[in-house]
Amino acid sequence: MLQVPFIRQNKELVLERLAHKQFRELGLVEEVLALDDRRKQLTLAYDETQAKIKIASEEIGKLMKQGLKDEAEQRKATVAALKEQQGPINDQLNETEKQLHDTLIRLPNLPAAIVPAGKTPEENVEVKSGGDKPALSADAVPHWDLAKKYDLIDFELGNKITGSGFPVYKNRGARLQRALIQYFLDYNISKGYTEYQPPYLVNADTAYGTGQLPDKEGQMYFVGEDKLYLIPTAEVPVTNIYRDEILKDSELPVKMTAYTPCFRREAGSYGKDVRGLNRVHQFDKVEVVQLVHPDKSYAALDEMVAHVEGLVQSLGLPYRILRLCGGDMGFTSALTYDFEVYSAAQQKWLEVSSVSNFEAYQANRMKIRFKDSGGKPQLVHTLNGSSLALPRILACILENNQAADGIHIPQVLQPYFGAAVIAN
């Protein structure tokens, strides 16, 4: 959530950066400022009335001690009248503060100056690439055919049990899932991240804290009777671990990692791009989250990008890193880098990670603060990244490593998987 003082002091910059993000409701900025003005007026009126009540109340006691009961009764009448005036002022103040909050949360985070202009994913900027695209034989097939051939994933069974987009991993497919998860966690822990195992359901306050509510409400599964949401990513519960906390400067950065299943409705997804593991409603992902000093958040972002890059490189997959343009960025992000790996059998790039700096936007919602050198509470900056999302990584491992003798397992995974090749 943006901060009102910043908006007031930098109105033109806010409007320019929101337009850069392709945000259309720019009139909300003026609404926020007008509501803040109204809030200040009502606060002043309330405080002035309260001051008069205090003075009159103090006079009542003095008059009673002096035996001036009639004058004391007059002051009591004055206090009663002032309190009657104060009630509606307080009601208006509460309503104005609610309107201000409800309007403010409709404003997305401002994109950083480095974010490229653009409206669509085609306008994202490639900043780096690596790895070699494999030359597959003429009879190479996509991962959904490989999954069936080697009995790794049963898409039809998932459809029977739940519905489309809920695959069932089995036999060596399930083992490969476990191998990937354990390898990703071990990799992250070796780089200084502390592992957590958070709940997979969260309340509305938690979903609001990271920006899923109200922006992405339609993309989450909701348990109506209990008013809980299935998490779309581990970012949501993990970042909220420090909600309403004040850290010491010396405790930063906080580095956390977690494996969770993730649940996304993916409303509106259809067609050939959702075949197999390309787009599913339930999938496994390992996440990294950092809480950092505001002066160090972009250095931390570079470090997290390098961290994810090293993980992708270790799997031997061809990849590219994209800096997202304003129109393709998430609601809460100030700067996002997407990682895509090349699916050789499908001959297309598949996104496997987003690494983002949210600056103080999420921290302001969650009130995650630290005490600076002067002892004053300041908002931290929050960052997160996928490290990694499994479905498309698994798809590319299967497709890119298929050979006549089976599917070759990346060397770093072999100790976890227990074999070098998946063969019939």
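Every residue gets a number counted from 1 within its own chain, in the order that chain's sequence is written. Predicted model: local features are reported for residues with pLDDT of at least 70 only, side-chain atom pairs are reported and counted for 80 or more only, and whole-chain, interface and lining totals are derived from all residues. Water and hydrogen atoms were dropped before computing side-chain values, which therefore reflect all heavy atoms in the structure.

Caption draft 1: Spatial organisation of the sheet that holds strand β4 (residues 194–196). Note on pairing: two strands pair once DSSP finds at least 2 bridges between them. What counts as a helix is a DSSP run of H or I of at least four residues, what counts as a strand is a run of E of at least two, and both are numbered from the N terminus. Ordered in space as β1-β11-β12-β13-β16-β10-β9-β4, the eight strands form an open sheet in which the pairing is mixed. A strand with exactly one partner marks an edge of an open sheet, and here the two such strands are β1 (125–130) and β4. The average undirected angle you get between the axes of adjacent strands in this sheet is 25°. Two elements, strand β13 (residues 348–357) and strand β16 (residues 381–389), share three bridges in a ladder whose sense is antiparallel. Following the sheet pairing, S356 is matched in β16 by N384. Angles shown run from 0 to 180 degrees and are taken between the N-to-C directions of axes, each axis being a line fitted to C-alpha atoms and, for helices, limited to the stretch in contact.

Caption draft 2: Up close: the pattern of salt bridges. By convention in these notes, a salt bridge is any Lys or Arg side-chain nitrogen within 4 Å of a carboxyl oxygen on Asp or Glu. Tallied over the entire structure, the rule returns 18 salt bridges. Where E287 meets K285, a salt bridge forms, and the shortest distance between an N and an O atom there is 2.4 Å. When accessible area is computed with a 1.4 Å probe and restricted to protein chains, residues below 20% of their type maximum are described as buried, those above 50% as exposed, and intermediate ones as partly exposed. By relative accessible area, E287 is classed as buried at 2%. Taking the relative accessible area as the measure of exposure, K285 reaches 3% and is therefore buried. Look at the salt bridges and you will find they share partners, linking R8, D36, D37, R39 and K40 into a network.

Caption draft 3: Focus on the packing of helix α7 (residues 172–190) against helix α10 (residues 297–314). At a closest axis distance of 11 Å, the pairing of α7 and α10 adopts a crossing angle of 140°. By the criterion of interaxial angle, the relationship of α7 to α10 is oblique. In this structure, α7 crosses over α10, and the sense of that crossing is right-handed. Contacts between α7 and α10 involve Y183, F184, Y187 and N188 from the former and H307, G310, L311 and S314 from the latter. Polar here means any residue outside two lists: the nonpolar Ala, Val, Leu, Ile, Met, Phe, Trp, Tyr, Cys and Pro, and the charged Asp, Glu, Lys and Arg; Gly therefore counts as polar. Per-class residue counts for the contact of α7 with α10 are four nonpolar, four polar and no charged. Roughly parallel means an angle under 35 degrees; roughly antiparallel, over 145; roughly perpendicular, 65 to 115; everything else is oblique. Crossing chirality is assigned from the near helix's rotation relative to the far helix, an anticlockwise turn below a right angle marking it left-handed and a clockwise turn marking it right-handed. Note on contacts: a residue pair is in contact if any heavy atoms of the two residues lie within 4.5 Å.

Caption draft 4: Expanded view of the nonpolar core. In terms of nonpolar packing, the biggest core is built from 54 residues, with L176, L180, F184, L388 and I393 touching the most fellow members. A total of eight residues in this core trace back to one element, the largest contributor, which is α7. Every residue in contact with L176, bar those within four places of it in the chain, is listed here: L394, L398, I409, L413, F417 and I422. The definition of a nonpolar core used throughout is a set of buried Ala, Val, Leu, Ile, Met, Phe, Trp, Tyr and Cys residues joined through side-chain atoms within 4.5 Å. I7, L28, Y208 and M220 belong to the second-largest nonpolar core, a separate cluster that totals 27 residues.

Caption draft 5: Looking closely at helix α4 (residues 69–104). Between the first and last residue of a helix there are one fewer steps than residues, each counted as 1.5 Å, and that sum is the expected span. The end-to-end C-alpha separation of α4 is 51 Å, in line with the 52 Å expected for 36 residues at 1.5 Å each. Buried within α4 we find A72, V79, L82, Q86, I89, L93, T96, L100, T103 and L104.

Caption draft 6: Quick peek at α7. A rise of 1.5 Å per residue sets the reference length of α7, with its 19 residues, at 27 Å; its end C-alpha atoms lie 26 Å apart and thus fit the reference within 8%. Phi turns positive, to about 100°, at G192, one or two residues after α7.

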